[in-house]
Amino acid sequence: MEDSFGREIEYMRVSVTDRCNLRCVYCMPKGVKTIPAREILTFEEIRDICSAAASLGIKYIRLTGGEPLVRLGVERLVEMIKAVDGIEGLTLTTNGVLLEEKLPGLVRAGLDGVNISLDTLDRELFRRITGFDRLDDVKKGIKAALYSGVKVKLNTVIMEENRNCLTRLAELAKDEPLDVRFIEMMPIGEGQRYGSISGEGVFSELEEKYGRLEPCFDRIGSGPARYYSIDGFEGRVGFINAVHGAFCGSCNRIRLTSAGFLKTCLCYEDGADLKAAVRRGDLDEVRCLMAEAVKNKPKAHHFALGPAEGEGGMNRIGG
Ligand code: SAM
Ligand code: SF4
């Protein structure tokens with residue numbers, strides 16, 4: 001599916017819930033309101049939208065949230081989406097807290113890869129950022145994921161609070177075949193309260209400490225991260241310079257919120273509400289709405305100038 005700027009749209013992030021078992025300060029402040037359960041799409045509705053999307057050219061799906069692993073039976077959804085014609089890859093982004101126990105079922109269901117969000121290896125700082133003392137569970141989740149053989153990436157949002165302990169996180173890629181990606185904070189929802197620290201400073205710090213970061217030119221994953229290898233490291237480091245880097249020209253993605261809204265850019269409220277059509281079982285209408293929304297996908301975000309439009313926080317959009 002091509003948009004009006006010639007970009008091939010082949011990747012859809014699907015938020016399966018706006019609920020979460022953590023309360024990261026930049027995403028879900030304490031007391032955050034969640035949407036009523038009846039507003040959230042059922043697995044069958046999500047599968048039907050994925051199927052409509054696949055018929056239009058979407059090849060890769062990533063499940064996200066909120067926290068996708070708090071949605072009961074998410075393994076069944078993995079199996080249902082894997083069975084959709086045209087879907088070539090299905091991955092999941094998680095905070096890792098429930099990953100160790102959920103992973104065997106997810107792998108059996110056909111999950112191809114997992115991204116685990118981790119902003120610090122310091123237990124107290126982890127508790128301060130996420131509101132919970134669950135760092136050990138996340139570490140167990142990472143171990144389990146590595147052991148299971150699925151592709152593993154770590155996502156770290158750069159903030160004032162963790163800025164001086166990012167090399168420790170990068171070092172996880174030294175002995176394990178995983179990629180550690182540093183993401184610039186985007187001014188979305190609660191993220192607006194935090195400045196966006198450029199990934200370039202982290203890049204320089206890593207080069208100072210480990211020597212030249214060699215760019216990897218082979219395609220890794222289906223996203224905007226730029227990857228680099230470091231001499232002596234098994235895995236790679238990556239940078240998603242979402243604010244200071246301009247990668248909109250190669251954007252290949254759309255997002256489905258847990259309430260069934262197809263969002264065509266993180267920065268704007270543009271898109272299409274698919275819920276009524278999918279609930280009526282009118283998949284032709286779902287396809288038309290999706291195609292029209294993609295045609296009107298905005299050219300670029302304006303995060304360098306100001307925050308994202310709308311009220312929706314990252315837990316609703318899915319990152
Ligand atoms: N709960 C899961 C998790 O944390 O991985 C999935 C949903 S979470 C919204 C997806 C990703 O978005 C996480 O890596 C999180 O750190 C990131 N994120 C949340 N708010 C952000 C913001 N304002 N800017 C950049 N990344 C953000
Ligand atoms: Fe939950 Fe993920 Fe948001 Fe943290 S970033 S509050 S883990 S949805």
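Use the structure listed above.
Novice: Please give an account of the side chain of D3 that cites residues and values.
Specialist: With respect to the helices, strands and loops of the structure, D3 is situated in the segment before strand 1 (11-15). Within polar-contact distance, the side chain of D3 engages the backbone nitrogen of F5 at 2.9 Å. In this structure, D3 is in contact with I9, V294 and K297, ignoring residues within four places of it in sequence.

Novice: Break down the packing of aromatic side chains for me, citing the residues and quoting the values.
Specialist: Each aromatic ring pair is characterised by the separation of its centres together with the angle its planes make. Counted by the stated rule, this structure contains five aromatic pairs. A centroid spacing of 5.6 Å and a plane angle of 55° characterise the contact between F203 and F239, whose relative ring orientation is tilted. In this pair, F203 is assigned in helix 8 (residues 199-210) and F239 in strand 9 (residues 236-240), connecting sequence segments 36 residues apart. Look at F239 and you get buried, because its relative accessible area is 4%. An angle of 70° between the planes, with centres 6.0 Å apart, marks the rings of Y228 and F239 as edge-to-face.

Novice: I'd like a rundown of the site of ligand 1, residues and numbers included.
Specialist: Every one of the 18 residues lining ligand 1 counts as a neighbour, but Y26, G66, S117, M186 and M314 are closest to it. Between a nitrogen atom of ligand 1 and a main-chain N or O atom of M186, the distance comes to 2.8 Å. Compared with its free state, where it exposes 550 Å², ligand 1 has 94% of that area covered by protein. Mapped onto the shell around ligand 1, the elements with two or more residues apiece are strand 3 (89-94) and strand 5 (151-158). Each residue belonging to the shell around ligand 1 can be placed in one class, and the counts come to five nonpolar, 11 polar and two charged.

Novice: How would you summarise the site of ligand 2 if you had to cite specific residues and measurements?
Specialist: The immediate surroundings of ligand 2 are formed by C20, L22, C24, C27, M28, G66 and N95. Of the residues that constitute the shell around ligand 2, the class distribution is five nonpolar, two polar and no charged.

Novice: Now, about the nonpolar core: what can you tell me, with residues and values included?
Specialist: Among the nonpolar cores identified, the biggest contains 75 residues, and M12, I61, L63 and M290 are the most heavily contacted of them. Among the elements that take part in this core, helix 1 (residues 43-55) stands out by supplying seven residues, more than any other. Once residues within four sequence positions are removed from consideration, M12 is found in contact with I49, C50, A53, I58, Y60, I61, R62, I254, L256, L262 and M290.

Novice: Which residues make up the packing of helix 3 (residues 99-109) against helix 5 (residues 135-148), and what are the values?
Specialist: At a minimum axis distance of 8 Å, the contact between helix 3 and helix 5 shows a crossing angle of 25°. One element, helix 3, and the other, helix 5, form an angle in the roughly parallel class. The crossing of helix 3 and helix 5 is right-handed. Between helix 3 and helix 5, the residues in contact are L99, E100, L103 and V107 and K140, G141, A144, A145 and S148, respectively. Each residue belonging to the contact of helix 3 with helix 5 can be placed in one class, and the counts come to five nonpolar, two polar and two charged.

Novice: Now, about the sheet that holds strand 1: what can you tell me, with residues and values included?
Specialist: Spatial ordering of the open sheet is given by 7-8-9-6-5-4-3-2-1-10-11-12, a layout of 12 strands whose pairing is mixed. At either margin of the open sheet sits one strand with a lone partner, and together these are strand 7 (213-215) and strand 12 (271-273). Adjacent strand axes in the sheet meet at a mean angle of 25° when their direction is disregarded. Strands strand 2 (60-64) and strand 3 of the sheet are contacted by helix 2 (residues 74-82), whose axis makes an angle of about 170° with strand 2.

Novice: Got a sec to walk through helix 1? Specific residues and values, please.
Specialist: Between its terminal C-alpha atoms helix 1 stretches 18 Å, which fits the 18 Å expected from 13 residues at 1.5 Å a residue. Among all positions of helix 1, only F43, E45, I46, I49, C50, A52, A53 and A54 are buried. On its buried side, helix 1 packs onto strand 1, strand 2, helix 2, strand 10 (253-256), helix 9 (275-280) and helix 10 (283-295). Looking one or two residues beyond helix 1, the residue adopting positive phi is G57, at roughly 120°.

About the criteria used
Residues numbered from 1 in each chain as written. Chains lettered and ligands numbered in written order. Predicted model: local features only at pLDDT ≥ 70, side-chain atom pairs only at ≥ 80, totals over all residues. Heavy atoms only, no water. Helix = DSSP H or I, 4+ residues; strand = E, 2+ residues; numbered from the N terminus. Polar contact = N/O pair within 3.5 Å; in protein donor to acceptor, adjacent residues only side chain to side chain. Contact = heavy atoms within 4.5 Å. Phe/Tyr/Trp six-rings, centres within 6.5 Å; stacked < 30°, edge-to-face > 60°. Buried < 20%, exposed > 50% of the residue type's maximum accessible area, 1.4 Å probe, protein only. Near = heavy atom within 4 Å. Areas by Shrake-Rupley, 256 points an atom, 1.4 Å probe, with all protein chains shown as cover. Nonpolar A, V, L, I, M, F, W, Y, C, P; charged D, E, K, R; others polar. Core = buried A, V, L, I, M, F, W, Y, C linked by side-chain atoms within 4.5 Å. Axes fitted to C-alpha atoms, helices over the stretch in contact; angles between N-to-C directions. Parallel < 35°, antiparallel > 145°, perpendicular 65-115°, else oblique. Left-handed = near helix turned anticlockwise from the far one by under 90°. Pairing = 2+ DSSP bridges. Expected span 1.5 Å × (residues − 1).

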